[in-house]
Amino acid sequence: MDFLGIGLPELLLIMVVAFIVVGPHRLPQTAVQIARVVKSLRRYAAAVTADLRGELDELTKEYEEVKGELKQLRASVNETTAAVTTEAERVISEGRQALPRQTIVETTSEPPPTNAPPGDTAPAP
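Only a predicted model underlies this, so the values are computations on that prediction, with no experimental measurement involved. (Residues numbered from 1 in each chain as written. Predicted model: local features only at pLDDT ≥ 70, side-chain atom pairs only at ≥ 80, totals over all residues. Heavy atoms only, no water.)

A word on the overall build of the protein
For clarity, the cut-off: Helix and strand assignments come from DSSP, with helices taken as H or I runs of at least 4 residues and strands as E runs of at least 2, each series counted from the N terminus. The buried label goes to any residue with under 20% of its type's maximum accessible area, the exposed label to any with over 50%, and the partly exposed label to all in between, with areas taken from a 1.4 Å probe on protein chains only. Only the protein chains shown count as covering a residue, and every accessible area follows the Shrake-Rupley method with a 1.4 Å probe.
A tally of helices and strands in the protein yields 2 helices and 0 strands. Looking at the protein as a whole, 2% of its 125 residues are labelled buried. Accessible surface for the protein amounts to roughly 12,200 Å². Of this, 63% is attributable to carbon and sulfur atoms.

Considerations on a negative patch on the surface
Test applied: Patches were defined on residues exceeding 30% relative accessible area and lacking a salt bridge, with like-charge contacts within 9 Å and nonpolar side-chain contacts (Val, Leu, Ile, Met, Phe, Trp, Tyr) within 5 Å. Salt bridges are defined by distance alone: a side-chain nitrogen of Lys or Arg within 4 Å of a carboxyl oxygen of Asp or Glu. Note on charges: Lys and Arg go in the positive column, Asp and Glu in the negative column, and His and the chain ends are not counted at all. The location of each charge is read from NZ of Lys, CZ of Arg, CG of Asp or CD of Glu.
Negative charge collects at one region of the surface, where Asp51, Glu55, Glu58, Glu62, Glu65 and Glu69 lie side by side. Along the chain, Asp51 turns up in helix α2 (residues 27-98).

Details of the pattern of salt bridges
Summed over all chains, the structure comprises 2 salt bridges. Here Glu87 makes a salt bridge to Arg90, at a shortest N to O gap of 2.2 Å. Of the two residues, Glu87 and Arg90 are both situated in helix α2; the distance of 3 residues between them amounts to about one turn of the helix. We classify Glu87 as partly exposed; its relative accessible area is 38%.

Structural notes on helix α1 (residues 8-22)
Our working definition: A helix is expected to span 1.5 Å for every residue after the first.
For α1, with 15 residues, the first-to-last C-alpha span of 21 Å sits near the 21 Å given by 1.5 Å per residue. Of the residues flanking the end of α1, it is Gly23, one or two places downstream, whose phi is positive at about 100°.

The structure is reproduced here in structure tokens:
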């Protein structure tokens, strides 16, 4: 028997000290009062525990609702993104097919000549 680290010898010592301090006439009344206090503390602890469990259950339900809403939002965003990506790829493909293929050939790295006639270096007035 071990209650809160108090064994049988300690319990007997507490009872003897209580018997000496309180006296034999008031000891039963004091024991009843202590029992009432312990009972009310247990009720209070049970009520607080029930309240905390109720709040925790409510918070858990709200969390699950928000989690479900976020899953739906994620799915909606993924669907929209996939649709936009597919449409963009289709438009790009159509654009590539519509444009004629042109080959760019680079012949020199010098800048192109200006359109000035030969021998005319002065600007016109």
